[in-house]
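Residue-level structural notes
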Amino acid sequence: FINEKEYLDYKEIAEEYGYKFIFILLTAPDEILINRFRERLKKSKEMNTKISVTDEELFIQNLKREWFTPENSLAFDTSAVTDSEIVKKIEEFLN
């Protein structure tokens, strides 16, 4: 989310329609994220598909932006935790 107001607006909409609203932050060191971006771009070109951001400079700018993260968010470093471990922790949180 860009700021707390945007977060609260989306949370209110979700609650209005009876949805649960949790925030999960997935992180990794910039070097790893840039390498993942390059791999997605390469795969997209090979498969002739589209991805939302194709400019590496824009991707890096987005990495450096400040984003709003609600207090008590679930957070995982995807370079240190496997997908299955993340899923397990989220399931535990939801139960």
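The text that follows walks through the structure, step by step, so that each part is easy to find.

Cut-offs used in this document
Residues numbered from 1 in each chain as written. Predicted model: local features only at pLDDT ≥ 70, side-chain atom pairs only at ≥ 80, totals over all residues. Heavy atoms only, no water. Axes fitted to C-alpha atoms, helices over the stretch in contact; angles between N-to-C directions. Helix = DSSP H or I, 4+ residues; strand = E, 2+ residues; numbered from the N terminus. Left-handed = near helix turned anticlockwise from the far one by under 90°. Contact = heavy atoms within 4.5 Å. Nonpolar A, V, L, I, M, F, W, Y, C, P; charged D, E, K, R; others polar. Buried < 20%, exposed > 50% of the residue type's maximum accessible area, 1.4 Å probe, protein only. Polar contact = N/O pair within 3.5 Å; in protein donor to acceptor, adjacent residues only side chain to side chain. Salt bridge = Lys/Arg side-chain N within 4 Å of Asp/Glu carboxyl O.

1. Some words on the packing of helix α2 (residues 30–47) against helix α3 (residues 56–64)
α3 packs onto α2 with a crossing angle of 145° between their chain directions and a minimal axis gap of 11 Å. Our pair here, α2 against α3, has a crossing hand that is right-handed. Mapping the contact onto sequence places Asp30, Leu33, Ile34, Phe37, Arg38 and Arg40 in α2 and Glu56, Phe59, Ile60 and Leu63 in α3. In terms of residue class, the contact of α2 with α3 is built from 6 nonpolar, no polar and 4 charged.

2. Notes on the side chain of Ser44
Here Ser44 is to be found in helix α2. When its relative accessible area of 7% is taken as the criterion, Ser44 is described as buried. A polar contact of 2.4 Å, which involves the side chain of Ser44, links it to the backbone oxygen of Thr49. When sequence neighbours within four positions are dropped, the list of residues in contact with Ser44 reads Thr49, Lys50 and Ile51.

3. A closer look at the pattern of salt bridges
In this structure the tally under the stated criterion is 2 salt bridges. Of the charged contacts, one joins Lys5 and Asp9 as a salt bridge, the two residues approaching to 2.8 Å between their closest N and O atoms. A residue pair is termed a helical-turn pair when its members lie 3 or 4 positions apart in one helix, as Lys5 and Asp9 do in helix α1 (residues 4–16) at 4 residues. Taking the relative accessible area as the measure of exposure, Asp9 reaches 33% and is therefore partly exposed.

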